[in-house]
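# Chains, contacts and geometry: an overview
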Amino acid sequence: MSIMLDYMFGDTWNSVGVQNPPAAWKSLGYSQMVTAMSAYVNQTMTVMRNNDVLPTWVQIGNEINTGICRPVGSVSSPAQMTGLLNAAYTQVKAVSPGTVVCVHLAQPQNYDVMTTFFSRYAANGGKWDMSVFSSYGSADYAPGIVANMRKISDAYGKPFLQSEFGGRVDRASTTRAALVAYIKALKANGGQGIFYWEPECMSPFTGYNMGAWDSTAQRPTVIMDGFTQA
């Protein structure tokens, strides 16, 4: 199976509202952080290569609407943000030239946020192979949200996919319908695919309620049928 590797560039879960650097990097200046970023990505990618599990896709950051390793790599400091991301891109390619390097943003329904990030990143020489997006909207909103993904794809000449989708596990039929709606919209707009985040999650091992696993039956719920019904 193909692997997608998502670099958080933080000690805990970085997301659309949180982009904290690792504690070991917190006091670093920009040039020092570029060096640390390069070394970290090269080392981890080398471990993947040495174990014969090179990823097909690498996301350089997770839901980085506001930048990475803030404040140094904030979107309000676009040259530094771009320098850090380009350092990651360069090291991924140095170890695995064929890996698709992705920029990952969340909530593509907020189109102005998307254009702010991508316009600043592109203007400063940002490097990426694919634009990828997180979206957890309902079935009714899927066509419009995917249309925004397509507009970004067209504007910068990059393919796109949806790297995160999920819904309430206790409302499986509703979540399945939303998954089907996203897949159909992605097919219609040239999207490369969709990942469910995170189907294996189940009680009592996690409190996350947007998996796709029935903890009683210990098997996938009907949510997963959406991949064959679209």
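Residues numbered from 1 in each chain as written. Predicted model: local features only at pLDDT ≥ 70, side-chain atom pairs only at ≥ 80, totals over all residues. Heavy atoms only, no water.

## Let's talk about the packing of aromatic side chains
If you walk through the whole model with that rule in mind, you get 14 aromatic pairs. Ring geometry for Tyr121 versus Trp128: centroids 5.4 Å apart, planes at 45 degrees, classification tilted. Grouping residues by exposure puts Tyr121 and Trp128 together as buried. Between the aromatic rings of Phe165 and Tyr196, the centroid separation amounts to 5.6 Å while the plane-to-plane angle is 80 degrees, which identifies the pairing as edge-to-face. With Phe165 in strand E7 (residues 160–165) and Tyr196 in strand E8 (residues 194–196), the pair connects residues that are 31 residues apart, well separated along the chain. Exposure class is identical for Phe165 and Tyr196. Each is buried. (Phe/Tyr/Trp six-rings, centres within 6.5 Å; stacked < 30°, edge-to-face > 60°. Buried < 20%, exposed > 50% of the residue type's maximum accessible area, 1.4 Å probe, protein only. Helix = DSSP H or I, 4+ residues; strand = E, 2+ residues; numbered from the N terminus.)

## Quick look at the sheet that holds E7
An order of E1-E2-E5-E6-E7-E8 is seen for the six strands of this open sheet, with the pairing classed as parallel. On the outer flanks of this sheet lie strand E1 (4–7) and E8, each paired with one strand and no other. Within the sheet, the average angular offset between the axes of one strand and its neighbour, ignoring direction, is 25 degrees. Direction of pairing for strand E2 (residues 57–60) relative to strand E5 (residues 100–106): parallel, over a ladder of three bridges. Paired with Trp57 across the bridge in E5 is Val100. Helix H1 (residues 30–50) rests against E1 and E2 of the sheet, and its axis sits at about 155 degrees to E1. Set on the sheet, helix H4 (residues 142–156) makes contact with strand E6 (130–134) and E7; between it and E7 the angle comes to about 140 degrees. (Pairing = 2+ DSSP bridges. Axes fitted to C-alpha atoms, helices over the stretch in contact; angles between N-to-C directions. Contact = heavy atoms within 4.5 Å.)

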